Structures are given as structure tokens and as C-alpha cells.
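# Examination of the molecular architecture
Residues per chain, in single letters:
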Amino acid sequence: MSESNGTLSIGEASIELPRLEATVGQPALDISRLRADSGHITFDPGFANTAGTRSAMTYIDGASGELRHRGYAIEDLAVHCNFLEVAYLLMYGKLPNQAELAVWEHDISTHTMLNEEMRSFFDAFPRRAHPMAVLSSATNAISTFYDVYRRPTRSIEIDAGARTLIAKLPTIAAWAYKKSIGEPYIYPDNRLSYVENFLHMMFARPVEDVVIDPAVVKALNVLLILHADHGQNCSTATVRSVGSSRANMFTSVAAGMGALWGPLHGGANQSVIEMLQEIHDDPDATIQSTIARAKDPDDDFRLMGFGHRVYSNYDPRARILSSFAEDILDRMSTTDPLLEIARELEAAALADDYFASRKLYPNVDFYSGTIFRALGFPLRMFTVLFAIGRSPGWIGNWMEMNTDPETKIIRPRQLYVGEPARDFVPLENR
Ligand code: ACO
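Scoring rules and cut-offs
Think of each chain on its own: its residues are numbered from 1, step by step along the sequence as written. This being a predicted model, a pLDDT of at least 70 is required before a residue's local features are given, and a value of 80 or more before pairs of side-chain atoms are given or counted; all residues contribute to the totals for chains, interfaces and linings. Hydrogens and water molecules were not included; the side-chain quantities draw on all heavy atoms of the structure. In this description a helix means any DSSP run of H or I spanning at least four residues, a strand means any run of E spanning at least two, and both kinds are numbered starting from the N terminus. Only C-alpha atoms enter the radius of gyration, while the globule expectation follows 2.2 Å times N to the 0.38, with N the number of residues. All tallies of charge rest on Lys and Arg as positive and Asp and Glu as negative; His and the ends of each chain are not included. Each charge is placed at NZ for Lys, CZ for Arg, CG for Asp and CD for Glu. Burial classes follow relative accessibility: with a 1.4 Å probe on protein chains only, a residue under 20% of its type's maximum area counts as buried, one over 50% as exposed, and anything between as partly exposed. Relevant arc is that of directions from the helix axis to the C-beta atoms, nothing else. By convention in these notes, a residue is near a molecule or strand provided one of its non-hydrogen atoms lies within 4 Å of it. N or O atoms closer than or at 3.5 Å make up a polar contact, with two conditions inside protein: a donor-capable atom paired with an acceptor-capable one, and, for residues adjacent in sequence, both atoms drawn from side chains. Areas reported as accessible are Shrake-Rupley estimates using a 1.4 Å probe. Residue values count occlusion only from the protein chains shown. Three categories are distinguished: nonpolar for Ala, Val, Leu, Ile, Met, Phe, Trp, Tyr, Cys and Pro, charged for Asp, Glu, Lys and Arg, and polar for the others, with Gly belonging to the last. Grid points spaced at 1 Å over the protein atoms alone were grouped into cavities, where a 1.4 Å probe fits but cannot get out, and pockets, open sets with protein on both sides within 12 Å along at least five of seven lines, with lining residues defined by an atom within 4 Å of a point. Grid points are joined across faces, edges and corners, and a volume is the space filled by probe spheres set on the points. Only strands that DSSP links by at least two bridges are regarded as paired with each other. Contacts were defined at the residue level, with two residues in contact if any of their heavy atoms lie within 4.5 Å.

### Notes on the overall build of the protein chain
Counting its regular elements, the protein chain contains 19 helices and 7 strands. In terms of C-alpha radius of gyration, the protein chain reaches 23 Å, essentially the compact-globule figure of 22 Å for 430 residues. In terms of principal-axis extent, the alpha carbons of the protein chain reach across some 80 × 65 × 55 Å. Averaging the coordinates of the 40 positive side-chain charges in the protein chain and doing the same for the 54 negative ones gives two points 6 Å apart.

Laid out in C-alpha cells, this is it:
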């Protein structure tokens, strides 16, 4: 037996669990033979201790609060790259050189239009439809226009599908927004960069163009980069789960969007602002009463934007956003009372033993909303912005899974706690 392997004793039996090395970070014990060799399964709610895959995309050190994509620190990527560069890095494993980036940006900018028949799709939604529901449905729907992407087999088709999806998401997102406010859809303008184009489709009107502020473009690039990938989070795990049945990339990503929407995941960015707004508006909701509610075991309220499955330290994305929020508000020559409340709430939580003992710190969603507000985005679009940002992570994971010889359909076991076998009772005797 190798010294580095694990050994599990079950009664008299001793089972060797091979140790799998990571390039950086925690090694794993391979339990793939455990059931066959011991007749036991493992119990791990939320898969908090389980690696379902190997991945070379993103490394997180939750204890020290580090995040790297393909080896590059998030702090460097946020300062030096635009969003499409990071998307290329995540999906293809290397930073593009100038020629590769030019081709990549050109390919994206020339695939931004939606099939004209998609207009009626947006029209069919009620005005009050949440844009996350529209985004997810439309992402699935666009696959129906491209037979080749439904079951792509060659890598050239998968690359084209990925490019199409990244290119069209801002158009879908902006049209979902236009639908919600009853304004005409604005077509993409392929002379603009990715982020400029999104801002154009969001805020221009047929009667007046929009002046695009380079500071807003820079800020939105940073925000999208900070959301670009994050290991096997709930939505990415969903994309992989759906994709493991060989469902196409569009359908898998649409499912991931559903997972992202929940308030414990990406939907938290909307919930944070709603929480801060309540403290601002409701005289009975103070910083202390909010902290008290979050600590109360009989109240299912949680301090939104706080806590993380992987980080037991400050989320590095939140650290960047915390100082960035101030910068943006200064550059926009505006103030936001909700940012002040967020700062007070953070200070009160960090000083409180409940949060300290559980190692609960602000996560990416705690400050992103105040910046999205300052940039002019409406509340219901916040999680949509997260989704556009996360798209390279979802697609990159789908692509990685698609070429991984270890990929198996995702199908966990369960610990059955229901009735044992019982005799059937005919209807008339029940
Ligand atoms: N407010 C109050 N208590 C919290 C919070 C919070 N935000 N987060 C965790 N806790 C408490 C739990 O009640 C639990 O306490 P206990 O040990 O007394 O039972 C303990 O901390 C551990 O929490 P878990 O729920 O077991 O941690 P888990 O890893 O399963 O959950 C999660 C992580 C979902 C992010 C959680 O911290 C949370 O609900 N946060 C608020 C929602 C949020 O901000 N989500 C965005 C996450 S980042 C992202 O997805 C992009």
C-alpha cells in the first residue's frame, strides 16, 4: 500500500483509497471503487467534500482567499484584460495573442444578431416577466435555429456554438430588458466592442442614441471578468450535470441560468440590494435588527451577500469590488446611501462573533449590486449581468467535460429512508 493513499476501515475490512494529486491545493481520495469493494456508498449533502471532476480552468484557495483562472490571478486579469480575452483564456486555456484576439473579437462581433423570428419569442412573454426567465428560455430557444449545434460532434462545431452563444447573450439580455420596459428592441452594432454593444442595446432608443462612457465600459468589463468562472459552483455543476447526458451546450447553459437565478447563488446580487433598500426605507429594519435576524435560528433570513461554501476568508472578488464601488461612484459623480448601509452592515457583521466563528465574509454579490446601480442597470437585470459574465465559465466547463475521457453521466446515489417493502392495499380497502 502506498503511504500517500487513504485507508478506510469498515468492520474487519480495510479498503485502500488511492490518493489523486492536484497540481495545486487539496488532493483527493478516489472512492470510485468503494461501493463495489465495500457495499457502502458515501453521504455528502451538497457534495461539499466531493470532487465530481478534474478541471484545469479555475483554482480557488478558500482559506487564503485566492482565485486564479488558468493560473493567472484574478487581480491581474481584472486590471489588464477585457472580458473577451478572459473568456478566450477560460475556454481555450491560454491568453490570446494580438492576432488571435483580433480574430476572436471579430468572430464574436459578427454573430451578435438574433434570428428575426426570435422577436415574436420576446413578444410572447408578459411585460412583468423576470429577465432571468426570459434569458434562460431564449438561450435554449436559439439552439432550435441551428441544427448543427443541437448535437455537435466536431470541435469546429463546438467552437462555433460557443462563439454564437457568447455573442448572442448580450442581445438576448438587452431585448429581455427592452421588453420589460415596453421599448423597441435595439439591434446590435457590430462596430462596437462587446461591452459597448451591450450598453448600446440596453440604453439606446430608436429616437436617440446613447453616449457610451469609456469609464462605464471599463467598469463593466471588470465586473464581467470577476464573474467569469468559479469552479464547480451550483450553476456550473448544473451545466455539467445536464451536459453529462450529452444535452447540447445551449440547453446545458440555459439550465445553469436557472440554477444561478436562486437567491443563494447569483440571485443574491438582487437580494442584497433589496435587503439594503429595506434597511434604508423601513424604520424598523436597522443594521442591528438585520444582523439579529440573520443570527436567529428560527428565522430563515440570511445576511445576503455573506458567506460562501468555498471561502473561509474574504472573497477576493468582493475585495476588488469593495474599493471599486467607491471609485465608480466618484467617477459617476454620485453617491449611494445603500453603499453606506452596506459598509456599516459589513463592519457590524465582521465584528460579530456569529459571523467570525463561522468565517462568514462578504462574497462577490455584496458590493456588485451597488456598482451595477451606479452604472445605470435596473435591479432585475443584476443576475442577468452575472449570467453574461459567467457564460465563459459555463461554456468552458461544458467543453472540458465534452473532451474528458473520465466523463460519466451524473447520477448520484441516495440513502433511502422511506418505507421498507409492504403489501399492496387495493383501493376499496384503503
Ligand atoms: N447569514 C447568516 N448565517 C449564515 C449565512 C448568512 N449569509 N451564511 C451561512 N450562515 C450560517 C449558517 O446558518 C450555518 O450556521 P450553523 O452552523 O449554525 O447551522 C453556517 O453559517 C454554515 O452555513 P451553510 O449554510 O452550511 O453554508 P453553505 O456552504 O451550505 O452555504 C451559502 C453557502 C449558500 C452561500 C450561504 O453562506 C448563504 O446562504 N449566503 C447568503 C446568500 C448569498 O450571499 N449567496 C451568494 C453566494 S456567492 C455566489 O453564489 C455567487
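### Some points on helix 11 (residues 234-243)
For an α-helix, 3.6 residues make a turn, and residues three or four places apart therefore share a direction. All of the buried residues in helix 11 are Ser235, Thr236, Val239, Arg240 and Gly243. Axial view of helix 11: buried residues confined to an arc of 140°, hence all on one face.

### Quick word on the site of the ligand
Residues in close proximity to the ligand total 20 residues, the closest being His265, Leu303, Gly305, Phe306 and Arg309. At 2.7 Å, a side-chain N or O of His265 approaches an oxygen atom of the ligand. Between the ligand and Leu303, the relevant distance is 2.7 Å, taken from a nitrogen atom to a main-chain nitrogen or oxygen of the residue. Summarising the interface, the protein chains cover 72% of the accessible area of the ligand, which totals 920 Å² for the free molecule. Across the shell around the ligand, the residue classes tally to 11 nonpolar, 5 polar and 4 charged.

### Structural notes on empty space enclosed by the protein
Under the defined criterion, the tally for this structure stands at 1 cavity of 30 Å³ or more. If you add up the space inside the largest cavity, you get close to 30 Å³. Along the walls of the largest cavity sit Gly307, His308, Tyr311, Asn313, Tyr314, Asp315, Lys359, Tyr361, Pro362 and Asn363, which together make up its complete lining. Taken together, the residues of the lining of the largest cavity break down into 4 nonpolar, 4 polar and 2 charged.

### Looking at the sheet that holds strand 5 (residues 58-61)
In space, the 3 strands of this open sheet follow the order 5-6-7, with antiparallel pairing throughout. Every other strand in the sheet has two partners, leaving strand 5 and strand 7 (72-73) as the edge strands with one partner each. Where strand 6 (residues 66-69) and strand 7 come together, 2 bridges link them in antiparallel fashion. If you follow Arg68 over to strand 7, its bridge partner there is Ala73.

### A closer look at the side chain of His69
Within the element layout of this structure, His69 appears in strand 6. A relative accessible area of 0% means that His69 is categorised as buried. Polar side-chain contacts of His69 include one of 2.8 Å to the side chain of Thr58. For His69, the residues in contact, after removing those within four places along its chain, are Met57, Thr58, Ile74, Leu77, Leu89, Leu90 and Asp229.

### Focus: unusual backbone geometry
The backbone of Phe47 sits at a positive phi, close to 50°, despite the residue not being glycine. You can see Phe47 is positioned in the loop between helix 1 (34-38) and strand 5. At Lys359, a residue that is not glycine, the phi angle is positive and equals roughly 55°. Tracing the chain through its elements places Lys359 in the loop between helix 17 (353-357) and helix 18 (364-374). We classify Lys359 as partly exposed; its relative accessible area is 45%.

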